[in-house]
Amino acid sequence: MSSRPQPGDRPRGFVFIERRTIRARRPFGACGFGRRAAARILAPCAISIMAVGCARARGSDSFAASTAAARSTCAMSSNSSPHRVEPARSSDEPGDPFVRRRCGPWAPLLPREPTREVDLAPPSEAHDVVLGVSLGVAIPGNQDLKFKRYDAVGAMSDFLFSNDVNASDAAISSAHVTVWRKGGAADGFGLRLEGTHWTTRTTAGHVVERLRAGSTAQAPPFHEIDQDRFGLFASVARRFSPSGPIDTSPYVFGGLGVGAVRSRISRGDTMWGPALGAHVGVSVPLADRLRVAVEGRFVVTHDVDVRGYPKDWHVDTSGTPTILGQAHLDTRFYALTIGIELRL
């Protein structure tokens, strides 16, 4: 009789093998690591995490050393994986997301080195806005006066000329706003917008008659001429400080500009004409945002000639000598002013 093998017996000459289906789980989801690869990565990282936790209790020096060792261990374990080989990188390399790339979901458990904050905001002041007012004295240049008499039909009957003219000094006032650039290639340059008003009085001395047919050679009934002017100017300016920071130290400034001037002449005419201007000065701080400025100016503007040929005596004003090759752009004025400036 043959006996069948029982469940516990070990038959002779035969080996019974149980077949089981083993399904490998993927510990990292879509990464596809096998159990051996997972063990190679997780075991060193777990040991490093434990070492870092112990080092925290011992002190900051041990903590820093353990942190560096943990990062080195994780990097070695990742490089040893057959699925991905990356060169070890220094933890000091900028922009290296070391912990999360090397240690996966255990990154929050590893300590991170303190980072240095960098202020990426633009400068708080890219420019200065300065408001200023000033008063001073205006000194006219040499002028000529031309006295003309017209009859009822608009024909000139008398023409008298005087180059012996006494022009009195007068008050000048102005207000301006200047935008100064700070930083960059245009550092120290600025744009200045200004309104200026000044008046002068001129008196004709010796009057010379110009020969004209039918001239009556009558003297004009007046010799004093009041001149009132108001100008608008736009200037390109430059400033620099030879002694220190521009906000807290005295600085020198200057500029060149163009503009338009309205001239009103008593016994004459009123007209707008082109003008050129220049200024140079020194600004000295009084307080945090308050300064005092002393400034010298030069202005050349258009002559004023009578238009429309009205009846009776009238006068034309003109500067002398002619400059810039323009016969009617030669009425000059010089000014010295002192004022207060406020930096907004």
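Residues numbered from 1 in each chain as written. Predicted model: local features only at pLDDT ≥ 70, side-chain atom pairs only at ≥ 80, totals over all residues. Heavy atoms only, no water.

Undergrad: Please clarify how the overall build of the protein chain should be interpreted in this entry.
TA: Secondary structure assignment for the protein chain yields 3 helices and 13 strands. Considering the protein chain as a whole, with its 344 residues, one finds that 35% of them fall into the buried category. A sequence separation of at least 24 residues applies to 69% of the contacts in the protein chain between residues at least 6 apart. Within the structure as shown, the protein chain displays about 21100 Å² of accessible surface, and the carbon and sulfur contribution to it stands at 59%. (Helix = DSSP H or I, 4+ residues; strand = E, 2+ residues; numbered from the N terminus. Buried < 20%, exposed > 50% of the residue type's maximum accessible area, 1.4 Å probe, protein only. Contact = heavy atoms within 4.5 Å. Areas by Shrake-Rupley, 256 points an atom, 1.4 Å probe, with all protein chains shown as cover.)

Undergrad: What should I look at first to understand the pairing of strand β11 (residues 290-301) in this one?
TA: The two faces of a sheet get side chains in turn, since along a regular strand they alternate between them. Where strand β10 (residues 270-285) and β11 come together, 11 bridges link them in antiparallel fashion. Among the inter-strand pairings, Val280 is bridged to a residue of β11, identified as Gly296. Hairpin connection between β10 and β11: a loop of 4 residues separates the two successive antiparallel strands. Inspection of the sheet shows β11 paired to strand β13 (residues 331-343) by 12 bridges, in the antiparallel sense. (Pairing = 2+ DSSP bridges.)

Undergrad: Looking at this structure, how should I read a nonpolar patch on the surface?
TA: On the surface, a nonpolar cluster with roughly 600 Å² of combined accessible area is contributed by Leu131, Val133, Leu286, Leu290, Ile340, Leu342 and Leu344. Within the residue set of the nonpolar patch, elements represented by two or more residues are β1 (127-140) and β13. In this fold, Ile340 is placed in strand β13. Under the relative-accessibility criterion, Ile340 is labelled partly exposed at 39%. (Patch = residues over 30% accessible without salt bridge, like charges linked within 9 Å, V, L, I, M, F, W, Y side chains within 5 Å. Salt bridge = Lys/Arg side-chain N within 4 Å of Asp/Glu carboxyl O.)

Undergrad: Quick question: what am I supposed to make of empty space enclosed by the protein here?
TA: Rolled over the atoms, a probe as big as a water molecule pinpoints where empty space is left. Tallied over the full model, the rule gives 4 cavities of 30 Å³ or more. Roughly 180 Å³ of volume is contained in the largest cavity. Lining the largest cavity are 17 residues, with Phe233, Ala278, Arg297, Phe298 and Val299 positioned closest to its centre. Secondary-structure elements contributing two or more residues to the lining of the largest cavity are β6 (189-204), β8 (224-240), β10, β11 and β13. Grouping the amino acids of the lining of the largest cavity by side-chain chemistry returns 10 nonpolar, 5 polar and 2 charged. What the second largest cavity holds in volume is close to 100 Å³. Taken together, 15 residues make up the lining of the second largest cavity; nearest its centre are Val130, Asp247, Tyr251, Arg291 and Arg343. (1 Å grid on protein atoms, 1.4 Å probe; cavity = no way out; pocket = protein on both sides within 12 Å on 5 of 7 lines; lining within 4 Å. Points joined across faces, edges and corners; volume = space filled by probe spheres on them. Nonpolar A, V, L, I, M, F, W, Y, C, P; charged D, E, K, R; others polar.)

Undergrad: Just checking my understanding: could you explain the side chain of Asp144 for this structure?
TA: If you trace the backbone, Asp144 turns up in strand β2 (residues 143-150). Nearest to the buried, unbridged Asp144 among oppositely charged side chains is Lys146, at 5.0 Å. Ignoring any residue separated from it by four or fewer positions in sequence, one finds Asp144 in contact with Phe161, Ser162, Asn163, Val165, Asp316, Thr317, Ser318 and Thr320. (Lys, Arg positive; Asp, Glu negative; His and termini not counted.)

Undergrad: Help me understand the nonpolar core, please; the structure alone is not making it clear to me.
TA: A general tendency of soluble globular proteins is for nonpolar side chains to be buried together. Leu145, Phe147, Leu160, Val165, Ala204, Phe222, Ile225, Ile265, Met271, Val304, Trp313 and Val315 form the largest nonpolar core, which has 12 residues in total. Those elements giving two or more residues to this core turn out to be β2 and β12 (312-319). The residues contacting Met271, other than those within four sequence positions of it, are Val261, Arg262, Ser263, His302, Asp303, Val304, Asp305 and Arg307. Membership of the second largest hydrophobic core comes to 9 residues, among which are Ile172, Phe233, Phe333 and Ala335. (Core = buried A, V, L, I, M, F, W, Y, C linked by side-chain atoms within 4.5 Å.)

Undergrad: Any chance you could explain the pairing of β6 here in plain terms?
TA: With 3 bridges connecting them, strand β4 (residues 165-167) and β6 associate as antiparallel partners. Looking across to β6, one finds that Ala167 is bridged to Thr202. In the sheet, strand β5 (residues 170-181) pairs with β6 via 9 bridges, with the strands oriented antiparallel. If you follow Ile172 over to β6, its bridge partner there is Trp198. Note that β6 and β8 share 15 bridges and pair antiparallel. Looking at the pairing, Gly195 lines up with Leu232 of β8.

Undergrad: Just checking my understanding: could you explain unusual backbone geometry for this structure?
TA: Both trends apply: most residues other than glycine have a negative phi, and most peptide bonds are in trans. In this structure, Arg267 is a non-glycine residue whose phi angle is positive, near 60 degrees. In this structure, Arg267 sits in the loop between β9 (251-265) and β10. In this structure Arg267 comes out as partly exposed when scored by relative accessible area, which is 46%.

Undergrad: Sorry if this is basic, but what is going on with the packing of aromatic side chains here?
TA: The geometry of two aromatic rings is summed up by the distance between their centres and the angle between their planes. Taken as a whole and assessed by the stated rule, the structure comprises 4 aromatic pairs. Measuring from centroid to centroid gives 5.4 Å for Trp198 and Phe333, while their planes differ by 70 degrees, and the two rings are edge-to-face. Residue Trp198 is located in strand β6, and its partner Phe333 is located in strand β13; the two are separated by 135 residues in the primary sequence. Side by side, Trp198 and Phe333 carry an identical accessibility label, which is buried. Relative to Phe253, the ring of Tyr251 lies with its centre 6.3 Å away and its plane at 70 degrees, an arrangement referred to as edge-to-face. With relative accessibility at 3%, the residue Tyr251 sits in the buried group. The class of Phe253 is buried, set by a relative accessible area of 4%. Every member of this aromatic cluster is reached through a ring pair, and the members are Trp180, Tyr251 and Phe253. (Phe/Tyr/Trp six-rings, centres within 6.5 Å; stacked < 30°, edge-to-face > 60°.)

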